[in-house]
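One-letter residues, chain by chain:
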Amino acid sequence: QGQLVESGGGLVQAGGSLRLSCAASGRTFSNYAMGWFRQAPGKERELVATISRGGGGSQYYPDSIKGRFTISRDNAKNTVYLQMNSLKPEDTAVYYCAAATTYSTTDPNRFGSWGQGTQVTVSS
């Protein structure tokens, strides 16, 4: 089983931007669909974005995220990114990356590997 390590979280003012990174090791990275999820205190885990395996030609965002966040991948660096713009206080959460062996999925249960998470805090 490989390892996923997130980085790039922090404190930012509303309207600002952050870029999260997730470095994968111990696996053939391009064989995995990747996803970003988040969980705020007292709330359920929420899907943020997914990207298909291989070249990442297929991405998915829920309506609450669409137009503000962008997921991308660099298979040469075994890394998936989440560019977050126009951040809002309600985006405050721990953000997790995850890997799935399928081509593309939005089902959290299909993601078998998870990182430890990185905290994102957006102040108003």
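Residues numbered from 1 in each chain as written. Predicted model: local features only at pLDDT ≥ 70, side-chain atom pairs only at ≥ 80, totals over all residues. Heavy atoms only, no water.

## With respect to the packing of aromatic side chains
- Summed over all chains, the structure comprises 3 aromatic pairs.
- When the ring of phenylalanine 37 is compared with that of tryptophan 114, the centres are 4.8 Å apart and the planes differ by 50 degrees; the resulting orientation is tilted. Of this pair, phenylalanine 37 sits in strand S4 (residues 33–39) while tryptophan 114 sits in strand S10 (residues 111–114); the two residues are 77 residues apart in sequence, bridging distant segments of the chain.
- A cation over a ring is seen here: arginine 73 above phenylalanine 29, with NZ or CZ 4.5 Å from the ring centre. (Phe/Tyr/Trp six-rings, centres within 6.5 Å; stacked < 30°, edge-to-face > 60°. Helix = DSSP H or I, 4+ residues; strand = E, 2+ residues; numbered from the N terminus. Lys NZ or Arg CZ within 6 Å of the ring centre and 35° of its normal.)

## Concerning the environment of serine 17
- Locating serine 17 in the fold gives a position in the loop between strand S2 (10–13) and strand S3 (18–25).
- Accessibility expressed as a relative area gives 40% for serine 17, which makes it partly exposed.
- Along the sequence, serine 17 and serine 86 sit 69 residues apart, while their C-alpha atoms lie 6.3 Å from each other.
- Those residues in contact with serine 17, other than ones at most four positions away along the chain, are Val12, Gln83, Met84, Asn85, Ser86 and Leu87.
- A polar atom in the side chain of serine 17 sits 2.9 Å from the side chain of asparagine 85. (Buried < 20%, exposed > 50% of the residue type's maximum accessible area, 1.4 Å probe, protein only. Contact = heavy atoms within 4.5 Å. Polar contact = N/O pair within 3.5 Å; in protein donor to acceptor, adjacent residues only side chain to side chain.)

## Describing the nonpolar core
- One finds Met34, Trp36, Leu82, Met84 and Tyr95 to be the most contacted residues of the largest nonpolar core, which totals 28 residues.
- Contributions of two or more residues to this core are made by S3, S4, strand S5 (46–51), strand S7 (69–74), strand S8 (79–84), strand S9 (93–100) and strand S11 (118–123).
- In this structure, leucine 82 is in contact with Leu18, Arg19, Leu20, Trp36, Val48, Ala49, Phe69, Thr70, Ile71 and Tyr95, ignoring residues within four places of it in sequence. (Core = buried A, V, L, I, M, F, W, Y, C linked by side-chain atoms within 4.5 Å.)

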